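Report on the structure
Spelled out from the first residue to the last, the chains are:
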Amino acid sequence: MAATVIDGKAVAASVCGRVRAEVEELTAELGRPPGLATVLVGDDPASAIYVRRKREACEEVGIRSIHHEPDGSISQEDLLELVGELNDSDEVDGILVQLPLPDQIDSAVIVNSLDPDKDVDGLTPISAGRLARGEPGLVPCTPQGIMELLASQGVDPSGREAVIVGRSNLVGRPVFSLLLGANATVTICHSRTRDLGEVCRRAEILVAAAGQPRLITGDMVRPGATVIDVGTNRTDDGLVGDVDFDAAVEVAGAITPVPGGVGPMTIAMLLANTVEAARLRHKAAATSGRPS
Ligand code: NAD
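Residues numbered from 1 in each chain as written. Predicted model: local features only at pLDDT ≥ 70, side-chain atom pairs only at ≥ 80, totals over all residues. Heavy atoms only, no water.

**Comments concerning the overall build of the chain**
The criterion, for reference: The helix count covers DSSP runs of H or I at least four residues long, the strand count covers runs of E at least two residues long, and both are numbered beginning at the N terminus. This radius of gyration counts C-alpha atoms alone. The globule rule is 2.2 Å times how many residues there are, raised to the power 0.38. What makes two residues a contact is simply this: any of their non-hydrogen atoms within 4.5 Å. What sets the accessible areas is the Shrake-Rupley method with a 1.4 Å probe; for residues, cover comes only from the shown protein chains. Positive charges come from Lys and Arg alone, negative charges from Asp and Glu alone, with His and the N- and C-terminal ends not counted. Lys charges are placed at NZ, Arg charges at CZ, Asp charges at CG and Glu charges at CD.
Broken down by element type, the chain carries 10 helices and 11 strands. Taking 292 residues into account, the globule formula puts the C-alpha radius of gyration at 19 Å, and the chain, at 20 Å, falls close to it. Considered along the principal axes of its C-alpha atoms, the chain spans approximately 55 × 40 × 35 Å. Intrachain contacts of the chain at a sequence separation of at least 6 include 69% that bridge at least 24 residues. Just so you have it, the chain exposes about 13,700 Å², and 49% of that area is on carbon and sulfur atoms. Once the 26 positive and 42 negative side-chain charges of the chain are each reduced to a mean point, those two points are 5 Å apart.

Structure below.
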C-alpha cells in the first residue's frame, strides 16, 4: 500500500497559526511586537528572495521585521558593528544574517558574534553546544521543522531506530541531537559509510540530508518507515529530493514530498524561534529585574 504523503505546507500553516496566537499574547505582555532583524549583504538574487519571504512571513503573523541591507562592499568590521548594535537593541529579539556573505567577510566570525539568545537560526557554537548537551536554547529551523513533521504524523521517536544520512552542522548533526533528545536510538551516516543501504533498512525513522539526488532507493527503505526527505537538488527533471520518491512511497508508511515537505517548515520554524527568543529574553529580564 502506498505511504501517507506528509503535507509540509499544511503542517507549516498550522505552526504559523500557533505562532500568530503566541505573538498576540506576547505583544500584549511586552507592550511591543516581537522583532526579527534580517541582514542582507549585497545583491545575490536568491538571498534577496529568501529574505523577502521571511520578512513577509513575519508580517503575516504580527512579528516586526527590522531590515538592514548593507552594501556588498561592507567591511567585516562594519558588519560586526551592525551585529553588535542589533545584539544590544531591546526591540530586536532575533537576528538573521543571510548567508552566504561576500568573500571579504569570514562568515564564521559574523555568526560567532551573534548573541546566542537572539540566534534564531541556531548557528552559533553556543546554540550548537546547548543543543548537543540537551540544554534549553535556540534550535536550527530545518531540524526543528523535521521534528514537527514527525509529531504531525503522531510518530514518537522514543525507543525507535532512527537513521540520518548527512552530518552537516546545518541539518544532520542538529537532527541527531533532537532525535537523541527524544529518546530514539540514532545512527548517523555520511559519505564514508560503508553500506548505506544496510544501515538505512534498519530505520523506522529515516532522515535523508545528503544533497544527492535520489540517493535513497526504494530497497533502502524499511517497510512502514517514516521517511523525511530534506534534499533539494536541482536536476534536469526539476527539483528532486535525496529519496527516490516513486519507489519509496510504495514501501514507506509516511513520506515527505519534494517540494512541499520539509521546505515549507523552515520559515515557519524561524517565526516560532523568534517568539521563543522573545519569550526567553523577557523571562530572563523579568527575573533579573531589567526592563525587557
Ligand atoms: P552538506 O553538503 O553540508 O552535507 C551533506 C552531508 O551528506 C555530508 O555530511 C556528507 O557526508 C553526506 N553525504 C554526501 N554524499 C553522501 C553519500 N553518497 N552517502 C552518504 N552520505 C553522503 O548539505 P546540507 O547543508 O546538510 O544539506 C543537505 C541537503 O538538504 C541539500 O540538498 C540541501 O539543499 C538541503 N536542505 C534543505 C533545506 C530545506 O529547507 N528544505 C534546508 C537545508 C538544507
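So, next bit.
**Topic: the site of the ligand**
Cut-off, in case you're wondering: Only heavy atoms are used to decide nearness, and a residue is near a molecule or strand if one of them lies within 4 Å of it. Pairing of N or O atoms within 3.5 Å defines a polar contact, subject to two protein rules: one partner must be a possible hydrogen donor and the other a possible acceptor, and residues neighboring in sequence count only if both atoms are side-chain atoms.
What surrounds the ligand is a group of 22 residues, the closest being R167, S168, H190, T232 and T266. R167 is positioned with one of its backbone polar atoms (N or O) 2.8 Å from an oxygen atom of the ligand. The contact in question runs from an oxygen atom of the ligand to an N or O atom on the side chain of T232, over 2.7 Å. When the ligand sits alone it has 860 Å² of accessible area, and the protein chains cover 70% of it.

**A closer look at the sheet that holds strand β11 (residues 254-255)**
How we decide: Strand pairing is assigned whenever DSSP detects at least two bridges linking the two strands. To get an axis, a line is fitted to the C-alpha atoms, and for a helix only the part in contact is used. The angle between two axes follows their N-to-C directions and goes from 0 to 180 degrees.
With parallel pairing, six strands are arranged side by side in an open sheet as β1-β11-β8-β7-β5-β6. Where the open sheet ends on each side, the last strands, each with one partner, are β1 (4-5) and β6 (185-189). By the bridge criterion, four bridges tie strand β5 (residues 161-165) to strand β7 (residues 205-208) in an arrangement that is parallel. Paired with V165 across the bridge in β7 is A208. Helix α6 (residues 141-152) rests against β7 and β8 (226-229) of the sheet, and its axis sits at about 150° to β8.

**Description of the packing of helix α1 (residues 8-30) against α6**
Heads up, the rule is: The cut-offs work like this: below 35 degrees is roughly parallel, past 145 is roughly antiparallel, 65 to 115 is roughly perpendicular, and the gaps in between are oblique. Gly is placed with the polar residues, together with every amino acid not listed as nonpolar (Ala, Val, Leu, Ile, Met, Phe, Trp, Tyr, Cys and Pro) or charged (Asp, Glu, Lys and Arg).
Running from N to C, α1 and α6 point in directions that differ by 105°, and their axes come no closer than 10 Å. Classified by the interaxial angle, the pair formed by α1 and α6 is roughly perpendicular. Contacts between α1 and α6 involve G8, V11, V15 and R18 from the former and E148, L149 and S152 from the latter. When the residues that make up the contact of α1 with α6 are grouped by side-chain class, the tally is three nonpolar, two polar and two charged.

**Notes on the nonpolar core**
What counts is decided by this rule: We define the nonpolar core as a collection of buried residues of types Ala, Val, Leu, Ile, Met, Phe, Trp, Tyr and Cys that are connected through side-chain atoms lying within 4.5 Å of one another. Exposure classes here rest on a 1.4 Å probe applied to the protein chains alone. A residue is buried below 20% of its type maximum, exposed above 50%, and partly exposed in between.
Formed by 50 residues in total, the largest nonpolar core has its most connected members in L179, V207 and I228. Within the residue set of this core, elements represented by two or more residues are α1, α2 (45-61), α6, β5, α7 (172-181), β7 and α10 (263-288). Broken down by element, the residue count for this core peaks at nine residues, all from α10. Those residues in contact with L179 that lie beyond four places of it in its chain are M147, L150, P157, A162, I164, A184, V186 and V207. In terms of nonpolar packing, the next biggest core, distinct from the first, is built from 20 residues, A225, A248, V249 and A252 among them.

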